[in-house]
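Architecture at a glance
Okay, here's what each chain looks like letter by letter:
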Amino acid sequence: MKAMTLKSFGGTDAFELREMPKPVPGAGQVLVRVHATSINPLDYQVRRGDYQDYVPLPAITGHDVSGVVEEVGAGVTAFVPGDEVWYTPQIFDGPGSYAEYHVAAESIIGKKPASLTHLEAASLTLVGGTAWEALVGRAQLRVGESVLVHGGAGGVGHVAIQVAKAIGAKVFTTARADQFEFVRSLGADVTIDYETQDYVEVVMRESAGKGVNVIFDTIGGDTLARSPDALAQLGRVVSIVDLAKPQNLIQAWGKNASYHFVFTRQNRGKLDELSALVERGQLRPHVGATYSLADIPLAHARLESRDKGLIGKVAIAVVPDANPKAAQAQP
């Protein structure tokens, strides 16, 4: 099989497209023909060496799969060859998804929503699981509450807006002014231009001085450090950022706030919940650009550059016909 392998840590030239042995499923495992994967900030962080103690080289990285079951191991009962599936591979535990085939435990695999293409499904597994765990599992966001999603046009952010609206929350989000139409189309109620507006001032004005019940941080820096200033009493802060400034815990203490830091865990349950939202028309990932397996280095470079023209996710068509337009990288 073809696989994009990481031969060293560093820039995008650290990747090499190689022929690798096709994996064989063991007991309780499923062999999947990967039709699509996608790129996340975690992917370029792994590539440049941020987690090198957890990634033995050479490595096949990648954290999203949408594909078709090719073979099942002994004891597998939930899937048969031909099933369309989606999942996030176990992070830091074996080969990832930048390959034509992938083996995973039956317990972390879900049935792909029929209404999603493989490119769309692969763009939702990791970010969707992260948003669900953050808002539902940790923050326990409830109907009628309010939430501030930092980075609403990004991969996790644009999914978090939709999950929060499906719960029945009022959604504030930060974005650039040229992204307002996009985030409003997802359900954002209050848009904040992070380039020209102070998010704390806007939140406090629009909430009549009460603040929001939940803040979901996908950015870090001031968006996390100043969170208590925009938080309501008994508010919750959830962050997916691994490097943070010292926090304003005195202010957070005065709000009786709770903090949660999320490194998402893989399981079928979250995928089934996301699938239900998809099938009810309450959730759909936005694919902002598509590349081929061979062009993964270009996809990394684009996401890492924080291209201002990019919204949503960067998807990878491993099987060229995963989407009729997927064979060519979008500019």
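Worth saying up front: this structure is predicted, and the values here are computed from it rather than measured. (Residues numbered from 1 in each chain as written. Predicted model: local features only at pLDDT ≥ 70, side-chain atom pairs only at ≥ 80, totals over all residues. Heavy atoms only, no water.)

Focus: the packing of helix α3 (residues 125-138) against helix α9 (residues 268-279)
- Running from amino to carboxyl end, α3 crosses α9 at an angle of 95°, the nearest separation of the two axes being 10 Å. Our classification of the angle between α3 and α9 gives roughly perpendicular. On α9, the residues that touch Thr125, Gly128, Gly129, Trp132 and Glu133 of α3 are Lys270, Leu271, Glu273, Leu274 and Leu277.
- Per-class residue counts for the contact of α3 with α9 are four nonpolar, three polar and three charged. (Axes fitted to C-alpha atoms, helices over the stretch in contact; angles between N-to-C directions. Helix = DSSP H or I, 4+ residues; strand = E, 2+ residues; numbered from the N terminus. Parallel < 35°, antiparallel > 145°, perpendicular 65-115°, else oblique. Contact = heavy atoms within 4.5 Å. Nonpolar A, V, L, I, M, F, W, Y, C, P; charged D, E, K, R; others polar.)

Observations regarding the pairing of strand β3 (residues 29-39)
- The buried count for β3 comes to nine of eleven residues, which makes it a mostly enclosed element.
- As paired strands, β3 and strand β7 (residues 101-105) are joined by five bridges and run antiparallel to one another. Note on β7: the bridge partner recorded for Gln29 is Ala105.
- For β3 and strand β16 (residues 313-317), the ladder comprises four bridges, and the chain directions are antiparallel. Note that in β16 the partner of Ala36 across the bridge is Ala317. (Buried < 20%, exposed > 50% of the residue type's maximum accessible area, 1.4 Å probe, protein only. Pairing = 2+ DSSP bridges.)

Topic: the confidence of the model for the chain
- Averaged over every residue, the pLDDT of the chain is 93; residues scoring 70 or more account for 95%.
- Under a pLDDT of 50 for its full length, residues 324-331 has, in the predicted model, 18 contacts with residues more than four places off or in other chains. (pLDDT = per-residue confidence, 0-100.)

Remarks on the layout of surface pockets
- Taken as a whole, the largest pocket spans an internal volume of roughly 1400 Å³.
- In this structure, the largest pocket is lined by 49 residues; those nearest its centre are Pro41, Tyr44, Thr218, Ile219 and Arg306.
- Elements with a minimum of two residues in the lining of the largest pocket: α1 (41-48), α3, α4 (155-167), β10 (170-175) and β16.
- With five residues, α1 is the single largest residue contributor to the lining of the largest pocket.
- Among the residues forming the lining of the largest pocket, the class breakdown is 24 nonpolar, 17 polar and eight charged.
- Quantified by volume, the second largest pocket comes out at close to 280 Å³.
- Taken together, 19 residues form the lining of the second largest pocket, with Asp93, Gly94, Pro95, His102 and Val103 sitting closest to its centre. (1 Å grid on protein atoms, 1.4 Å probe; cavity = no way out; pocket = protein on both sides within 12 Å on 5 of 7 lines; lining within 4 Å. Points joined across faces, edges and corners; volume = space filled by probe spheres on them.)

Description of the sheet that holds strand β4 (residues 59-60)
- Across the sheet, three strands lie side by side as β2-β1-β4; this open sheet has antiparallel pairing. A single partner strand is all that each edge strand has here, and the edge strands are β2 (15-19) and β4.
- In the sheet, strand β1 (residues 2-6) pairs with β4 via two bridges, with the strands oriented antiparallel. Across the sheet, residue Thr5 finds its bridge partner in β4, namely Ile60.

Regarding the pairing of strand β13 (residues 231-239)
- The buried fraction of β13 is high, at seven of nine residues.
- Across five bridges, the pairing between strand β12 (residues 212-217) and β13 is parallel. Directly across from Val212, in β13, lies its bridge partner Leu231.
- Bridging between β13 and strand β14 (residues 258-261) involves four bridges; their strand directions are parallel. The residue of β14 that forms the bridge with Ser239 is Phe261.

Thoughts on the sheet that holds β12
- The parallel open sheet is built from six strands, whose spatial order is β11-β10-β9-β12-β13-β14. The sheet terminates laterally at β11 (190-193) and β14, the two strands that pair on one side only. With strand direction ignored, the average angle separating the axes of adjacent strands in the sheet is 15°.
- Relative to β12, strand β9 (residues 146-149) runs parallel, the two sharing three bridges. Pairing of Val147 across the sheet is with Val214, part of β12.
- Sitting on the sheet, α3 touches β9, β12, β13 and β14, and the angle it makes with β12 is about 150°.

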